[in-house]
Amino acid sequence: MADHIPADVASWPAGREVVVAGGGTAGMSAARHLLDLAARVTIADDRAEDPSAIAGGTEIAGRGARFTTVAALLADDDWTTRTDLVIASPGFAPTHGLPTAAAVAGIPVWGEVELAWRLDAAGVFGAPRTWLVVTGTNGKTTTTSMLTDIVTASGRSAQACGNIGLPVLDAMAAPERVEVLCAELSSFQLHWAPSIAPAAGLVLNIADDHLDWHGSFDAYATAKQVALHGAIGVVGLDDPVASGLSAAGRRVGFTLGDPQPGELGVRDGVLVDRAFADDPSGVALVQADVIHPAGPSGLADALGAAALARAIGVEPEAVRAALTAFRPAGHRGEVVARIGEIAFVDDSKATNPHAAQAAVAAHRRVVLIAGGLLKGASLDAMLDAVGDRLGGVVAIGRDRGLVVDAIARHAPEVPTVTVFTGDDGCVTVARELPRDPGTDLRSASSVTPIPAGSDPAVAVMDRAVGIAWDLAEADPARPDAILLAPAAASLDMFAGYGRRGDAFATAARALADVHDASRAEQGRRQ
């Protein structure tokens, strides 16, 4: 049975037995820092038989860390009696056998972020940092990147960390001290970090996502609300769920409309702060038309980032300079090619329906490429909101049938095609909607062999982009974009959303090159 862990954990880990569940980025970061504090570390990971298969595994093993598979650990009846602490990686749901057994035995279960919070508060890495936490179903990464740029522009050292890539512990341990941690935290990380109380925390929005991990929408929302446990909690007022969340300290809202006192919003095309300004009428921050990415979701992200920065005293001039210069990272509404007036837009980071809805809403009309792993999320609300903007849909991935079914319920008139591979080594294109056999779709059903040595997922994306272009040309309303906004995770086909976006971009550019060459040839003939 574990001893009680004191609030001041600076010296507590020395000699203690800690099980780190998962050898991914977060787990290995926790293991390294626990070893620095003289803890005895066991890493439970299904790749444990060959630590070299885990990034950093050989180094950690050389420092004395032990490795075991999860199954072998759970088969050991005595593991809980000799364990003082479990660090659960984000991939371990609360219902998983390992954290469940630990909880039953009275062993504390933390995430890497909870460990970072406690070590920071204890002064392990020097004076405690200022924590700014960003969460939400959609827009976390863009908002965190904006926030980091704003704080940096104010002259304070800042580091984006957490779910955005760099573990929080590693950010704190960097040789050059970071004063402000701009932490993007997922619902998984927040669930395993119940103690954090940031200087300011933000919940952008909440929609169905990761319900398979949390078990219910209420549990998912409760995890997100942990971000509001600090002195200032910021919520998106235009979101029906986020707007209803309470904050432990002062509650500030943001809206795309005219802000009321205590809010940030948009007035006459300008982002305005009425929450932290000395003037009750507010202070102008930046023109709305300079914000990237453009559209409602980009403005919401900018308002959320500005609210957190203003909460710690950043001046309006720094907000204005940083947001004017900001450009989003790849796969977040990036125009990767054009043919005439139609843009090919990579929003592969839109891995849930809420994010995909925002991506579609930024355009007048689109042909949408969607599908992958929906993770139990429903497309109904998305299609109710933006179904009238769809000039066509190409459904890919494991849950493509669920995409087609949802469109059939909410927008059955939208031409919809599936593209997929089977055991025959071919890419199959199948017409799905409209189901009136008299409907003329330019994209005929087909079966095409995959070239030898080609990646089947890339072959599917190549064909999907071509079909999307056919649908765009056939649409009398002429879409302004062919949009990859899958509303789903990518791991059924690709190694990550970045690889999925890269495949889309490559296919789009190749198609644009063909059209450019064709036009050039026509010009020569004339």
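Throughout what follows, the structure given in this document is the object of discussion. (Residues numbered from 1 in each chain as written. Predicted model: local features only at pLDDT ≥ 70, side-chain atom pairs only at ≥ 80, totals over all residues. Heavy atoms only, no water.)

Structural notes on the packing of aromatic side chains
Cut-off, in case you're wondering: Pairing of aromatic side chains requires ring centres within 6.5 Å, counting the rings of Phe and Tyr and the six-membered ring of Trp. Pairs whose planes differ by under 30 degrees are stacked, by over 60 edge-to-face, and all others tilted. Under the scheme used here, helices are H or I runs from DSSP no shorter than 4 residues and strands are E runs no shorter than 2 residues, and both carry numbers assigned from the N terminus. Only lysine NZ and arginine CZ atoms are considered, and such an atom sits over a ring when it is within 6 Å of the ring centre and within 35 degrees of the ring normal.
All told, the structure shown has five aromatic pairs when counted by the stated rule. Summarising the aromatic geometry, the rings of Phe217 and Tyr220 are spaced 6.3 Å apart at their centres and angled 55° between planes, so their arrangement reads as tilted. You can see Phe217 and its partner Tyr220 sitting in helix H10 (residues 217-225), three residues apart, about one turn around the helix. Ring pairing ties together the aromatic residues Phe188, Trp192 and Trp213, which thus form one cluster. Sitting over the face of the ring of Tyr497, Lys349 holds its NZ or CZ atom 5.5 Å from the ring centroid.

Things to note about unusual backbone geometry
With an omega of 0°, the peptide bond between His292 and Pro293 qualifies as cis. Tracing the backbone shows Pro293 in the loop between strand S14 (283-287) and helix H11 (296-311). The omega angle of the peptide bond from Leu433 to Pro434 is -10°, so this bond is cis rather than trans. One non-glycine residue with positive phi stands out, namely Ala487, at about 65°. As for its position among the elements, Ala487 is in the loop between strand S22 (481-484) and helix H17 (497-525).

What about the sheet that holds strand S13 (residues 270-273)?
Selection criterion: Between any two strands, at least two bridges found by DSSP are needed for them to pair. Only the stretch in contact is used when fitting a helix axis, every axis being a line fitted to C-alpha atoms; angles between N-to-C directions are given from 0 to 180 degrees.
Within the open sheet, the nine strands sit side by side as S7-S8-S6-S9-S10-S11-S12-S13-S14. Their pairing is mixed. Both outer strands of the open sheet, strand S7 (158-162) and S14, are each paired with one neighbouring strand and no more. Neighbouring strand axes in the sheet, compared pairwise and without regard to direction, differ in orientation by 20° on average.

Side note on the sheet that holds strand S2 (residues 40-44)
The strand order across the open sheet built from five strands is S3-S2-S1-S4-S5, with neighbouring strands paired in parallel fashion. Each edge of the open sheet is held by one strand with a lone partner, namely strand S3 (66-68) and strand S5 (109-110). Of the pairings in the sheet, the one linking strand S1 (residues 17-21) to strand S4 (residues 85-88) comprises four bridges and is parallel in character. Each residue of the ladder has a partner; that of Val19, found in S4, is Val86.

Examining the pattern of salt bridges
Once their charged atoms are close, side chains differing in charge can pair, the charge on each being opposite to the other. For clarity, the threshold we go by: By definition, a salt bridge exists where a carboxyl oxygen of Asp or Glu is found within 4 Å of a side-chain nitrogen of Lys or Arg. Type-normalised accessible area, obtained with a 1.4 Å probe on protein chains alone, sets the label of each residue: buried when under 20%, exposed when over 50%, and partly exposed for intermediate values.
For the structure shown, the criterion picks out 14 salt bridges. For Arg118, the salt bridge identified is with Glu114, shortest N-O distance 2.8 Å. Taken as a pair, Arg118 and Glu114 lie in helix H5 (residues 112-121) at a separation of four residues, close to a single helical turn. Each member of the pair, Arg118 as well as Glu114, carries the same accessibility label: buried.

Re helix H6 (residues 140-153)
Where we set the bar: Multiplying one less than the number of residues by 1.5 Å gives the expected span of a helix.
Along its 14 residues, H6 runs 20 Å from first to last C-alpha, staying within 8% of the 20 Å computed at 1.5 Å per residue. Burial analysis of H6 places ten of its 14 residues in the buried class, the great majority of the element. For H6, the complete set of buried residues consists of Lys140, Thr141, Thr142, Thr143, Thr144, Met146, Leu147, Thr148, Ile150 and Val151. A positive phi of about 100° marks Gly155, the residue just after H6.

Structural notes on the pairing of strand S18 (residues 390-395)
To keep things clear, this is the line we draw: For the handedness criterion, the strands are oriented away from the viewer, and a crossover whose path from the first strand over the helix to the second runs clockwise is classed as right-handed.
The element S18 is extensively covered by neighbouring structure, given that six of its six residues are classed as buried. Of the pairings in the sheet, the one linking strand S17 (residues 366-370) to S18 comprises five bridges and is parallel in character. Within the sheet, the bridge partner assigned to Leu368 lies in S18 and is Val393. This β-α-β element, S17 to helix H14 (residues 380-386) to S18, shows right-handed connectivity. Relative to strand S19 (residues 416-421), S18 is paired through three bridges, and the arrangement is parallel. Residue pairing in the sheet places Val394 in a bridge with Val417 of S19. Chirality of the crossover, the property in question, places the unit of S18, helix H15 (residues 400-410) and S19 among those that are right-handed.

Considerations on the environment of Ala452
Tracing the backbone through its elements, the reader meets Ala452 in the loop between strand S21 (446-449) and helix H16 (456-474). Considered as a pair, Ala452 and Arg478 are 26 residues apart in the sequence and their alpha carbons are 36 Å apart.

Structural notes on the nonpolar core
Put simply, the rule is: Only buried residues count toward a nonpolar core. Its members are Ala, Val, Leu, Ile, Met, Phe, Trp, Tyr and Cys residues joined through side-chain atoms within 4.5 Å. Here a residue-residue contact requires only that any non-hydrogen atoms of the pair lie within 4.5 Å.
Ranked by internal contacts, the top residues of the largest apolar core, which has 51 residues, are Ile43, Ile87 and Ile196. With sequence-adjacent residues up to four places away left out, Ile87 is seen in contact with Val18, Val19, Val20, Ala21, Ala30, Leu34, Trp110, Gly111, Glu112 and Leu115. The next biggest cluster of nonpolar side chains, apart from the first, holds 41 residues, and it includes Val151, Leu204, Ala306 and Val314.

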